[in-house]
Amino acid sequence: MTSYSKEVIGDLVAGKLPWPQTRRIMSAYKDDDRFFKYVAVLQDRVGWSDRILLPVSDHLFICESAEGRVTKCECGHSFGDYRRNWKLAASIIVRDSEESLREIYPNSDLPDPEWMEIREFICPECGTLHEVEAAAPGYPIVHDFEPDIEGFYRDWLGQPLPEETKGG
């Protein structure tokens, strides 16, 4: 079994490795501490000290903070309790007209705004686009998932989390 250093995992996350090495790392058996190295790399990239428990996307994390377990942007903005849909606390751009859809589909066929709208979920603090949904007009904002963080750490990683500090 091959084990990779935190520095190599950092270069992988940053996209600095040549493709053959990237493919080899992605295809090979994952070392037992890979997740923890990955989280350590992400923790080094943020300017705050709240412990990252689980990455949600490239710039969005579930963290242990003074408020309890929250969904947090890389910039430090908290979207609140991780069990609530973070998108409801985001800035939202809804593209539901031909004019607004043309901004992202300038040279192609447009979706029919009577049948579909594009929703962009943006951090209100730093402006990072975290997610995009395509949905029928009036369809509720999708709550993608509510992870079982305790189960993940206990059953998959073999390292139970301490009790939540607040908020939960």
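Right above here is the structure, for reference.
Residues numbered from 1 in each chain as written. Predicted model: local features only at pLDDT ≥ 70, side-chain atom pairs only at ≥ 80, totals over all residues. Heavy atoms only, no water.

Asker: Tell me about the side chain of Arg-69, and please be specific about residues and values.
Answerer: Looking at the element boundaries, Arg-69 is found in strand E3 (residues 68-73). Under the relative-accessibility criterion, Arg-69 is labelled buried at 1%. Among the polar contacts made by the side chain of Arg-69, one reaches the side chain of Glu-150 at a distance of 2.4 Å. (Helix = DSSP H or I, 4+ residues; strand = E, 2+ residues; numbered from the N terminus. Buried < 20%, exposed > 50% of the residue type's maximum accessible area, 1.4 Å probe, protein only. Polar contact = N/O pair within 3.5 Å; in protein donor to acceptor, adjacent residues only side chain to side chain.)

Asker: Break down the sheet that holds E3 for me, with residues and values.
Answerer: Reading across the sheet, the four strands line up as E1-E2-E3-E4 and stay open at both edges, with antiparallel pairing between neighbours. If you trace the sheet from one side to the other, it starts and ends with strand E1 (51-57) and strand E4 (78-81), each paired once. When strand polarity is set aside, the average angle formed by the axes of neighbouring strands in this sheet is 25 degrees. This element, helix H3 (residues 34-45), spans E1 and strand E2 (60-65) of the sheet and lies at about 95 degrees to E1. Lying over the sheet, helix H5 (residues 149-157) contacts E1, E2 and E3, oriented at roughly 105 degrees with respect to E1. (Pairing = 2+ DSSP bridges. Axes fitted to C-alpha atoms, helices over the stretch in contact; angles between N-to-C directions. Contact = heavy atoms within 4.5 Å.)

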